[in-house]
Amino acid sequence: MDFEVIVVGGGPVGMMLASELALMKVKVCVLERLKETTPYSRALTLHPRSLEIFDFRGLKAKLMRKGKPIPTGHFAALDTPLDFSVLDSTSNFTLFIPQNETEKVIEEWAKSLGVEIWRGVEVLSVHQYSQGVEITAADLKGEFTLTAAYGIGTDGAGSIVRKQAGIPFVGTSETLTGMLGDVVLPDFSEPNGLSFFSKQGLVMVAPLPNGLHRVVMIDPERMSISKQEPVTLEELRSGMIRILGSDFGITQPYWLSRYGNATRQAERYREGRIFLAGDAAHIHFPAGGQGLNVGLQEVVNLGWKLAAELKGWAPDWLLDSYHAERFPVNTALLRNTEVQTLLMGSDFSPKMIELRSMLSSMLQIPEANYQMAKQISALNVRYEQETKELPHPLNGNRFRDLKLLLADGTVRNAYELFRSGSFILLHLASDDRLHDAVEWCKYKHIRVVLASLANVDSDWEDVHTALIRPDGYIAWAVSRSEPKRIDAVRQGIIHWCGGI
Ligand SMILES: Cc1cc2nc3c(=O)[nH]c(=O)nc-3n(C[C@H](O)[C@H](O)[C@H](O)COP(=O)(O)OP(=O)(O)OC[C@H]3O[C@@H](n4cnc5c(N)ncnc54)[C@H](O)[C@@H]3O)c2cc1C
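For clarity, every value in this text was computed on a predicted model and none was experimentally measured.

Rules behind the numbers
Residues numbered from 1 in each chain as written. Predicted model: local features only at pLDDT ≥ 70, side-chain atom pairs only at ≥ 80, totals over all residues. Heavy atoms only, no water. Helix = DSSP H or I, 4+ residues; strand = E, 2+ residues; numbered from the N terminus. Rg over C-alpha atoms; globule rule 2.2 N^0.38 Å. Buried < 20%, exposed > 50% of the residue type's maximum accessible area, 1.4 Å probe, protein only. Contact = heavy atoms within 4.5 Å. Areas by Shrake-Rupley, 256 points an atom, 1.4 Å probe, with all protein chains shown as cover. Near = heavy atom within 4 Å. Polar contact = N/O pair within 3.5 Å; in protein donor to acceptor, adjacent residues only side chain to side chain. Pairing = 2+ DSSP bridges. 1 Å grid on protein atoms, 1.4 Å probe; cavity = no way out; pocket = protein on both sides within 12 Å on 5 of 7 lines; lining within 4 Å. Points joined across faces, edges and corners; volume = space filled by probe spheres on them. Nonpolar A, V, L, I, M, F, W, Y, C, P; charged D, E, K, R; others polar. Core = buried A, V, L, I, M, F, W, Y, C linked by side-chain atoms within 4.5 Å. Domains from an automatic or database assignment.

Engineer: What should I look at first to understand the overall build of the chain in this one?
Structural biologist: Within the chain, the regular secondary structure consists of eleven helices and 27 strands. Taken against the 2.2 N^0.38 rule, which gives 23 Å for 500 residues, the C-alpha radius of gyration of the chain at 24 Å falls within 12% of a compact globule. With the C-alpha coordinates aligned to their principal axes, the bounding extent of the chain is approximately 75 × 60 × 35 Å. Each of the 500 residues in the chain was classed as buried or not, and the buried ones make up 56%. If you take every contact in the chain between residues at least 6 apart in sequence, the share linking residues at least 24 apart comes to 72%. When the accessible area of the chain is evaluated, it comes to approximately 20800 Å², of which 53% is carbon and sulfur surface.

Engineer: It is not clear to me how the site of the ligand should be interpreted in this structure. Could you clarify?
Structural biologist: Among the 30 residues in the neighbourhood of the ligand, the closest are listed as Glu32, Arg42, Asp279, Leu292 and Asn293. Taking arginine 33, its main chain carries an N or O atom lying 3.1 Å from a nitrogen atom of the ligand. Surface burial for the ligand is 88%, taken as the share of its 1000 Å² of free accessible area covered by protein chains. Those elements that provide at least two residues to the shell around the ligand are α1 (12-23), β2 (28-32), β9 (122-128) and α7 (291-311). With three residues, the top contributor of residues to the shell around the ligand is α7.

Engineer: Looking at this structure, how should I read the pairing of strand β18 (residues 263-266)?
Structural biologist: Two faces, one strand: in a regular strand the side chains alternate between the faces of the sheet. In this sheet, β18 lies alongside strand β12 (residues 169-172) in antiparallel orientation, the contact comprising four bridges. Residue threonine 172 lies in a different strand from β18, and its bridge partner there is threonine 263. In terms of strand pairing, β18 meets strand β21 (residues 282-283) through two bridges, oriented antiparallel. Within β21, the residue paired with arginine 264 across the bridge is isoleucine 283.

Engineer: I would appreciate a short explanation of the layout of surface pockets in the present structure.
Structural biologist: The method is simple in principle: a probe with the dimensions of a water molecule rolls over the atoms, and the space it marks as empty is what remains. In this structure, the second largest pocket occupies an estimated 340 Å³ of space. Residues that form the lining of the second largest pocket fall into these classes: eight nonpolar, two polar and six charged.

Engineer: What's the story with the nonpolar core in this structure? I'm lost.
Structural biologist: Ranked by size, the top nonpolar core spans 111 residues in total, and within it Phe399, Leu426, Trp460 and Trp496 carry the most contacts. Looking at this core, the element that brings in the most residues is α7, giving nine residues. For this core, the domains that each give at least three residues are domain 1 (3-44 + 98-173 + 263-346) and domain 3 (403-497). Leaving out residues up to four positions away in the same chain, leucine 426 has contacts with Phe399, Leu404, Val449, Ala451, Trp460, His464, Thr465, Ala466 and Ile468. If you look at the next biggest cluster of nonpolar residues, it comprises 27 residues, including Leu82, Leu180, Phe197 and Ile376.

Engineer: Looking at this structure, I do not really get the environment of tyrosine 322. What am I missing?
Structural biologist: Within the secondary structure, tyrosine 322 is located in helix α8 (residues 321-345). Overall, tyrosine 322 belongs to the buried group, its relative accessible area being 0%. On a C-alpha basis, the gap between tyrosine 322 and tyrosine 269 in space is 7.7 Å, while along the polypeptide they are 53 residues apart.

Engineer: Please explain the sheet that holds strand β4 (residues 68-70) as it appears in this structure.
Structural biologist: Strands belonging to one sheet form pairs held by backbone hydrogen bonds; the direction of such a pair is parallel or antiparallel. Spatially, β3-β7-β4 is the arrangement adopted by the three strands of the open sheet, whose pairing is antiparallel. Of all the strands in the sheet, just β3 (45-46) and β4 have a single pairing partner and so form its edges. For β3 and strand β7 (residues 94-96), the ladder comprises two bridges, and the chain directions are antiparallel. Across the sheet, residue threonine 45 finds its bridge partner in β7, namely phenylalanine 96.

This is the structure in structure tokens:
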């Protein structure tokens, strides 16, 4: 085999997956058609859960230097924003950052971890056999073939990997399009941008770095034009005049693009030795700024599972749990973007204006706002447990950053413990019998942390030990009141980290 894993498509999701695999000592190669990262940025937002993931891996500070934190998100561009500041997270905000900046940070990380990145390479075919996958690709010198134990399709919406694996892309085709323009608006003076919906259409304006503004528009007079048709500056100008009453002097288009509401999901994320992630696995109307975020979140779910399989300790159910865990999360994502599309782009009548106003009022109710903020920020994601034995209420939940007092007397944020991508066994009870739980020398992929809580925390006060997955979800918590606590810890380790 040339590699253990070949990742087809070096967009943000592919690069993130390759980095996760390399972190876990997997020999991985990315094949990317583009010679360099595109200078245009579809996504502009990193949401709380994605920022938490970057925090685990030590990349959050670098991203923070390149972006601008804002305390809100939005649902369907309703007038009431979603208040992220009340979320129980050390990343309780949106980081406003162009996608190409995020991509550069991830690619730099991938290189530092030794990922082989082959740019200017177009993948032509992908075949699998019992032992691995065979990938044929072409660069300027001609065609060549590579082999690997696993092949991943992170090659975007038109994914050749998905097509060659015969995985149906189930859903609905485009019925409407919106337009975007990264432009100069000399007469626009709102520092925080604007969002405006009326019977003439929807326009959102947001400031970008380098003196540009992003104009996003759904114009009822232009929304039946195909996504393939180029946008003109004149189209944006006349839409702005009609909807906002001014074009704010729009000039110097840096990037103009049209996007659609095709909504599809791969029927399965795994076919034998082939996996899909990111836009190759799901597409939707870009509402609420979620597509890139979910892609990053799902490859952090896949990376450690694939590494576990390759390193020989994965329980037999683990690889299939990628689809089992992520498919329902993304089904919910597709539904929420369809609802947003209805509210933003289907109807501009007085009835819709009234409905939007009612929903906006409802979002002023703190609990309603909180529930929606949790959904869009992806902090509501929890994974159902395979085993129902020894259930603990924390099992399957996202692991929140905790302040820990470590055995050496230092106080640390728990997220710092996740840098190396290992499981964390957080032991909070100073129980000497932990030494006898398993043969620790066999479990190099578990980092044992002896600590106590630096702050009172009602969710955690009864916890004796918790096994936390490399992607920051609680795999197995054991209560102090459990009669056979060390047996229970052993059971959790064997279930999740192999009998070895
Ligand atoms: C207008 C718009 C605004 C958006 N705004 C947001 C937002 O604010 N927040 C958010 O989270 N998301 C947003 N998104 C979604 C986000 O941009 C995508 O979800 C994200 O880019 C998906 O990343 P990816 O790596 O899966 O796919 P891509 O970014 O599409 O990358 C796929 C890569 O695969 C390569 N490739 C394809 N085929 C081959 C081949 N045969 N051989 C080799 N390489 C190949 C491509 O060159 C590309 O680099 C937006 C999308 C749009 C359209």
